[in-house]
Each structure stands twice: as structure tokens, then as C-alpha cells.
Amino acid sequence: MPFSVNGILGTLALLLLLWRPEEQAEACSCAPVHPQEAFCHADVVIRAKVVGEREVISGNDIYGNPIKRIQYDIKQIKMFKGPNQDIEAVFTAPVSAVCGVTLDATGKKEYLISGKAEADGSMHVTLCDYIMLWDSLSATQKKSLSHRYQMGCDCKIVRCPSLPCSISAPEECLWTDLMIEKQVHGRQANHYACVKRADGSCSWYRGVAPPKKEFLDAEDP
């Protein structure tokens, strides 16, 4: 039986109507990353409080419809990576289905916020960026933001997909939290940084003091 164009269009319209919100929310998908990877890939990394929230229009799409974004006004506490001037606001999509981020705008909570710098100097964040409550970070993570993560940005952290697994190059560190502990925020994510050695290879380092030029895989003294 021949298909008509109108019939096909009608079927597509029906499918769109039946597409449930829960399924739309799954449209944003992010690969897990070690905090050091998130730091190295971000343009801006700051500690801040969110003190305001409003919806803004940032232009129109190709069909002339307004592009809505959420603007979070922030009070920057410290910048770990980014431009010379303070960040006063971060922007995100209005809904989680397109990776929009929801933050507490009462000013009562401190966040670690990583994101991308836009051409106009503003900061844009998505659900795929590393955004955590400051109090939820470990002492090692807080220390690493100031120097240690930057030391390892030439290294490559690779996920262990299945056991056994191994590195394929000396500049790699094998991340096993997902495989062994079945969680992203495991021991390596919370307490280790992948740092370059004097010979150019990379290795996991754990400790409060800055690593020496030459070291083996180290634990806290």
C-alpha cells in the first residue's frame, strides 16, 4: 500500500506528542570524568556563591525564536583558573534536557564551578561540567585545585573499561574507580592526582605536600 507524505508527517507528529518528558530529560548525556580532567578541560574554575537567578534572552535561533538562558549572579570567592577579572555571572540552559544546571541561588551554599569562557567574556556551564558543593570536596581535591591538577594537564587519565586493564603509554594514569568501586567519586577521584614525573611519565600521586620532581606512586606520609 503506498504511503502518502501527509500520512508520514502525521505519524511523526503523533510520535512527538507521545515523547514523554522523562525521555526528553535523557537527552543530556555526559561521560564521567576525573576531577583533574574536568579542571584541565575547563576554561574557568572558580569557588563561588550563587546570589541571584533570572531568565534572560541571548538572541534568536535560525527560526527567529528567542534563545532563553538562566543567568546566575555569583559572588566569586577564589579563581583557580580563568581570566584576570572576576566572574560575576554564569549562564546555563533553562532545562536539564539540554544540559541546563540548577543551582541554589540563596547565597547560602558555596560551589566549585567549572565551565567554558564565551567570546564576550561570560562563563557558560552545563551538566557535563564539574560543579560540586565546596563542602563535599575532599581536602586533597581542594589542595589540588591550586597547583597539582595543573601540573598534570599534560598527562592523560584513562578509564578502565574492564578487568584486567592497563595503560598504553607512559603519560597515562589508569582510573579504576568506576570498575572497582562502581562509582565516579571513588578513592582515586577523591584523593589522587595524575602528575608528570621528571622522566616525562605520569603517575598517581597522593599527599598533602607538593610532589617532588622525582617520585614513585606515593601515599600520605
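The residue count restarts for each chain, going from 1 along the sequence in the order it is written. Only residues with pLDDT of 70 or above have their local features reported here, since the model is predicted, and side-chain atom pairs are shown and tallied only from 80 upward, although totals for entire chains, interfaces and linings are computed over all residues. Values shown for side chains rest on all heavy atoms present in the structure; no hydrogens or waters enter the calculation.

An unreviewed UniProt entry lists the protein chain under the name Metalloproteinase inhibitor 2, with Oryzias melastigma as the source organism. UniProt positions are given in the numbering used here, feature names are shortened, and annotations may be inferred rather than shown by experiment. Regarding the protein chain, the UniProt comment filed under Subcellular location (unreviewed entry) reads as follows: "Secreted".

Attention now goes to the environment of Gly 121. To qualify as a helix, a DSSP run of H or I must reach at least 4 residues; to qualify as a strand, a run of E must reach at least 2; elements of each kind are numbered from the N terminus. Relative to the assigned elements, Gly 121 resides in the loop between β4 (110-117) and β5 (123-124). Each residue is assigned to one of three classes by its accessible area relative to the maximum for its type, calculated with a 1.4 Å probe on protein chains only: buried under 20%, partly exposed between the two thresholds, exposed over 50%. Taking relative accessible area as the criterion, Gly 121 reaches 36% and is therefore assigned partly exposed. When the C-alpha positions of Gly 121 and Ile 87 are compared, they lie 8.8 Å apart, and in sequence the two are 34 residues distant.

UniProt's entry tags Cys 28 with the feature "binding site: Zn(2+)" (unreviewed entry), counted in the numbering of this structure. Its location among the elements puts Cys 28 in the loop between α2 (21-25) and α3 (35-41).

The next point concerns the packing of aromatic side chains. Any two of the Phe, Tyr and Trp rings considered here, Trp counted by its six-membered ring, make a pair once their centres fall within 6.5 Å; the pair's planes then place it as stacked at under 30 degrees, edge-to-face at over 60, or tilted in between. Going through the model one piece at a time under the given rule, you end up with three aromatic pairs. Aromatic side chains Tyr 192 and Trp 204 sit 6.4 Å apart centroid to centroid with 80 degrees between the ring planes, which places their arrangement in the edge-to-face category. Linking Tyr 192 in the loop between α7 (187-191) and β9 (193-196) with Trp 204 in strand β10 (residues 202-205), this pair joins segments that are 12 residues apart in sequence. Overall, the relative accessible area of 8% leaves Tyr 192 in the buried class. Put simply, a charge is over a ring when the Lys NZ or the Arg CZ is close to the ring centre, within 6 Å, and near the line of the ring normal, within 35 degrees. Lys 81 extends its terminal NZ or CZ atom over the ring of Phe 39, reaching a point 5.2 Å from the ring centre.

Take the state of the cysteines next. Note that a disulfide, as used here, is simply two cysteine sulfur atoms within 2.5 Å. On inspection of all chains with the given rule, the structure shows six disulfides. Linked covalently through their sulfurs, Cys 30 and Cys 128 form a disulfide whose S-S length is 2.0 Å. Because the torsion about its S-S bond is -80 degrees, the bridge between Cys 30 and Cys 128 counts as left-handed. With a gap of 98 residues between them, Cys 30 in the loop between α2 and α3 and Cys 128 in the loop between β5 and β6 (131-133) connect regions that are remote in the sequence.

With that settled, consider the environment of Cys 128. What makes Cys 128 partly exposed here is its relative accessible area of 36%. The spacing of Cys 128 and Val 33 is 95 residues in sequence and 9.1 Å in space, taken between C-alpha atoms. Should any heavy atoms of two residues lie within 4.5 Å, those residues are counted as being in contact. Apart from residues no more than four positions distant in its own chain, Cys 128 is found in contact with Cys 28, Ser 29, Cys 30 and Cys 99.

Here we take up unusual backbone geometry. Comment: phi is negative for the bulk of residues other than glycine, and the bulk of peptide bonds are trans. Here the residue pair Leu 163 and Pro 164 is connected by a cis peptide bond, since its omega of -5 degrees sits within 30 degrees of zero. Mapped onto the fold, Pro 164 is located in the loop between β7 (156-159) and β8 (172-175). Unusually for a residue other than glycine, Cys 99 sits at a positive phi of about 70 degrees. Following the sequence through the fold, Cys 99 ends up in the loop between β3 (89-92) and β4.

Once that is clear, we can look at the pairing of β9. Bridge count for β9 against β10 is four bridges, and the pairing is antiparallel. What sits directly across from Cys 194, in β10, is Trp 204. From the end of β9 to the start of β10, which pair antiparallel, there are five residues, and Gly 200 there has a positive phi angle of about 95 degrees. Pairing between strands is defined by DSSP: at least two bridges between them are needed.

With that out of the way, let us pick up the side chain of Ser 122. Here Ser 122 shows up in the loop between β4 and β5. Look at Ser 122 and you get buried, because its relative accessible area is 13%. Of the polar contacts made by the side chain of Ser 122, one reaches the side chain of Asp 120; its length is 2.6 Å. Residues in contact with Ser 122, not counting those within four places in the same chain, are Phe 91, Lys 116 and Ala 117. Under this definition, polar contacts are N or O atom pairs within 3.5 Å; protein pairs additionally need one hydrogen-donor-capable and one acceptor-capable atom, and for neighbouring residues in sequence, both atoms have to be side-chain atoms.

On to the pattern of salt bridges, then. Only one rule defines a salt bridge in this text: a Lys or Arg side-chain nitrogen within 4 Å of an Asp or Glu carboxyl oxygen. Inspection of the entire model under this criterion finds three salt bridges. A salt bridge links Arg 47 to Glu 110, with the shortest nitrogen-to-oxygen separation between them at 2.7 Å. Of this pair, Arg 47 sits in strand β1 (residues 44-60) while Glu 110 sits in strand β4; the two residues are 63 residues apart in sequence, bridging distant segments of the chain. Between Lys 109 and Asp 104 there is a salt bridge, with the nearest N and O atoms lying 3.6 Å from each other. Classification of Lys 109 as partly exposed rests on a relative accessible area of 38%. For Asp 104, a relative accessible area of 21% corresponds to the partly exposed category.

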